[in-house]
Amino acid sequence: MKNIGYFLREAGRIIRYNRVSNIFSFLGTGLILFLLGLVVAVWGISSQLVVLLQQEAEISAYFDKSPENPEDIINSIKLIDGVWNVRYVGAEEARVRMENILGDESYILDLFEKNPFEPYIEIRIHLDQIDPVLQSIKNIKGIDYVRDNRGVLEQIKGITRALEILGYLVIAAVSITTLVIISHMIRQGIYHNREQIKTLRLLGAPDSFIGFPFVLVGFLLTFGGGLLAAVLITILINRGYGQLGGTLPFIPLPPKDRLLLGIVTLLLSGSAALGILGSLFGLSSISKENHG
Amino acid sequence: MIKARNVSLVYRDGTVALQNINLDLQLGGLYYVIGPSGSGKTSLMKLLIGMEFPTAGFLEVMGQPMRKRETAKIRKLRRDIGPVFQEFKLISGRTAIENVMMGMRFLNIPLNKAKELAKNTLSRVGLEHKTYTLVDRLSYGEAQRVAIARAVARRPALILADEPTGNLDHDNAVKIFTLLESFKDKNTTVMITTHATHLIDDCRTATILRVEKGKISIERGGERI
């Protein structure tokens, strides 16, 4: 640690020597990491949406005739594994619900002389157990028909899966690009300082001593990019939450602080790790060329 | 200190730099390696510091066999060697003291002690007034003395100076030789190469190694008068 001041000064010199390239690599890394943060944010929000939708997965079971005692059927359904809430919806409540859905158009229900809705059972289940639950409910005596909204849920799950794959691709792309940028910058720095490196080797300096300022440069550039990305993503999420909360309040967003903490932690730790790795790649490729 | 048995060095292009060299140099000695340009003096220095490796024979420096496969150990060995290069190899953009300290930062010397050693050595080579001057702003002779200070400040067991007088005039060249000679003691061997044989005529304490067409002969030891 006695040389930390020297290492920082050397890192500063290396950065200043190639000022323009380093500024652009800092900005480029920052924007790439911002893109990563963006994808992770969308991923996080959509995952939250799916989790909530999975929790809210709801099916409706209709009776083959008006039951005299629906409680027996309800109790049978409650015992099924994967069911977490069962509720009886009477014909009148079903009508009220439809009126609420139709809003101003609800007058069309007045055209019916009798209430056209039947009582049914509203069942909330775990989406991943939808098949056995549906089968079990269909087998219950007194149940005529079970309606599920699996199609919609499967579509949303598909979109989330696609986002997840996209996320992994973006992570891979960001990692590779950052590694290439940083290792290239380090190689360039080593090239510009090759005479100094040769001299230090002839004086007996170990590779760790020679290489540390370069690792520091890679770390500082990438971590700086990570900080920039974290600032940008924080601004974006704060604004986005404000706007989504106002215009699309029904979208179940994850808690903002938790989402931000996760993304900022990922960006900072990821950028630090990528910076160090990129520098080490840059150093290793050069040390192969310069023996002695 | 230095043991060579039938050492030869042939470069990749076929140039024979040194052939069948046998040497037994002792700790605490003063050695001048003389010979015309291209005779093999610098090649010998390169072998001793591990920049080149013998293509035949066996070479040992301070107990360390100089073989390519032992580059890690040779890197450590270099910490006991104080090299003064023909072209100085000072690190530009740094001050004189930063250059001198550069050779000590990775050694087990506390920072304050290293700084003190660097200042004392710069003072000894007559550059205390240039301690914090960028080496890029030093004259040729001053830069040469910074290079010497960097080599000797860390108290190496072997000082290797390759053509240290370069283009210096007679008086300044003798001053540099005298300065380098002054670092010789019972724990420090000094080896200096030069093609300017007339400058060492009055040095009687040194052992002269004459290199000619890649072969070495030991001429005399004496005393500078």
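Residues numbered from 1 in each chain as written. Chains lettered and ligands numbered in written order. Predicted model: local features only at pLDDT ≥ 70, side-chain atom pairs only at ≥ 80, totals over all residues.

A. Region of the structure containing the overall build of chain A. Assigned secondary structure in chain A consists of 9 helices and 4 strands. Each helix and strand of chain A, ordered N terminal to C terminal, gives the series α-α-β-α-β-α-β-α-β-α-α-α-α. C-alpha atoms of chain A, sized along the principal axes, occupy 100 × 40 × 30 Å. Here chain A holds 292 residues, and 28% of them are scored as buried. A sequence separation of at least 24 residues applies to 87% of the contacts in chain A between residues at least 6 apart. (Helix = DSSP H or I, 4+ residues; strand = E, 2+ residues; numbered from the N terminus. Buried ≥ 20, exposed ≤ 12 C-beta atoms within 10 Å, placed from the backbone. Contact = placed C-beta atoms within 7 Å.)

B. Expanded view of the overall build of chain B. In terms of helices and strands, chain B carries 6 helices and 10 strands. Taken over C-alpha atoms, the radius of gyration comes to 17 Å for chain B, in line with the 17 Å a tight globule of 225 residues would show. Summarising its shape, the C-alpha atoms of chain B cover approximately 45 × 40 × 35 Å along the three principal directions. Each of the 225 residues in chain B was classed as buried or not, and the buried ones make up 43%. Counting only contacts in chain B whose residues sit at least 6 apart along the sequence, the fraction spanning at least 24 positions is 63%. (Rg over C-alpha atoms; globule rule 2.2 N^0.38 Å.)

C. Examining unusual backbone geometry more closely. Residues and elements named next belong to chain B. One non-glycine residue with positive phi stands out, namely K89, at about 55 degrees. Residue position: K89 is located in the loop between β6 (81-84) and α3 (96-102). Even without being glycine, K213 reaches a positive phi, approximately 50 degrees. Counting through the fold element by element, K213 comes out in the loop between β9 (207-212) and β10 (215-221).

D. Representation of the interface of chain B and chain A within the structure. Counting residues at the interface gives 17 residues for chain B and 15 residues for chain A. Looking at which element gives the most residues to the side of chain B that touches chain A, the answer is helix α2 (residues 71-77) of chain B, with 3 residues. Within the side of chain B that touches chain A, the residues separate by chemical class into 7 nonpolar, 4 polar and 6 charged. (Nonpolar A, V, L, I, M, F, W, Y, C, P; charged D, E, K, R; others polar.)

E. Inspection of the environment of B:T95 at higher detail. Residue and element names in this part refer to chain B. Within the element layout of this structure, T95 appears in the loop between β6 and α3. Residues T95 and S182, spaced 87 residues apart in sequence, show a C-alpha to C-alpha distance of 25 Å. Other than its neighbours up to four places away in sequence, T95 contacts Y132, T133, L134 and V135.

F. Representation of the pairing of strand β2 (residues 16-25) of chain B in the model. With 6 bridges joining them, strand β1 (residues 2-10) of chain B and β2(B) adopt antiparallel strand pairing. If you follow B:V7 over to β2(B), its bridge partner there is B:I21. (Pairing = 2+ DSSP bridges.)

G. Fine view of the sheet that holds strand β4 (residues 56-61) of chain B. Residue and element names in this part refer to chain B. The strand order across the open sheet formed by 4 strands is β2-β1-β4-β5, and the pairing between neighbours is antiparallel. Because the sheet does not close on itself, it has two edges, and the strands there are β2 and β5 (64-65). Sheet strands in contact with helix α1 (residues 41-49) are β1, β2 and β4, and its direction is about 120 degrees off that of β1. (Axes fitted to C-alpha atoms, helices over the stretch in contact; angles between N-to-C directions.)

H. Structural detail: the environment of B:H195. All names here are of chain B. Along the chain, the position of H195 falls in the loop between β8 (189-194) and β9. The exposure class of H195 is partly exposed, given the 16 C-beta atoms found within 10 Å. Between the C-alpha atom of H195 and that of R69, which follows or precedes it by 126 residues, the distance is 32 Å. Beyond its immediate sequence surroundings of up to four residues, H195 is in contact with G35, P36, S37 and E163.

I. Examining the nonpolar core more closely. Membership of the largest hydrophobic core comes to 92 residues, with the highest contact counts inside it found for B:V146, B:I159 and B:L160. Those residues within four positions of B:V146 in sequence are excluded, and the remaining contacts are B:L90, B:A96, B:N99, B:V100, B:L127, B:V135 and B:L138. (Core = buried A, V, L, I, M, F, W, Y, C linked by C-beta atoms within 7 Å.)

J. Broad picture of helix α5 (residues 130-138) of chain A. Residues and elements named next belong to chain A. Among all positions in α5, only V133, L134 and I137 are buried. Angularly, the buried residues of α5 cover 100 degrees about the axis, an arc narrow enough to put them on a single face. In this structure, α5 carries D131, P132 and Q135 as exposed residues pointing more than 90 degrees from its buried face. Buried-residue contacts for α5 involve β1 (58-63), α3 (70-78), β2 (83-89), β3 (120-125) and β4 (143-148). (Arc of directions from axis to C-beta.)

K. Layout of helix α4 (residues 91-102) of chain A. In this model α4(A) runs 17 Å from its N-terminal to its C-terminal C-alpha over 12 residues, within 8% of the 16 Å that 1.5 Å per residue would give. At the exit of α4(A) stands A:G103, carrying a positive phi of roughly 65 degrees. (Expected span 1.5 Å × (residues − 1).)

L. View of the domain arrangement of chain A. When the domains of chain A are assigned, the result is domain 1 (4-53 + 154-289) and domain 2 (58-148). For domain 1 of chain A versus domain 2 of chain A, the separation of C-alpha centres amounts to 51 Å. (Domains from an automatic or database assignment.)

M. Spotlight on the sheet that holds β1(A). Residues and elements named next belong to chain A. Reading across the sheet, the 4 strands line up as β2-β3-β1-β4 and stay open at both edges, with antiparallel pairing between neighbours. Bordering the open sheet on either side are β2 and β4, each of which pairs with just one other strand. Across the sheet, the axes of successive neighbouring strands diverge by a mean angle of 20 degrees, strand direction being ignored. Sheet strands touched by α3: β2, β3 and β4. Its angle to β2, the strand with the most contacts, is close to 165 degrees.

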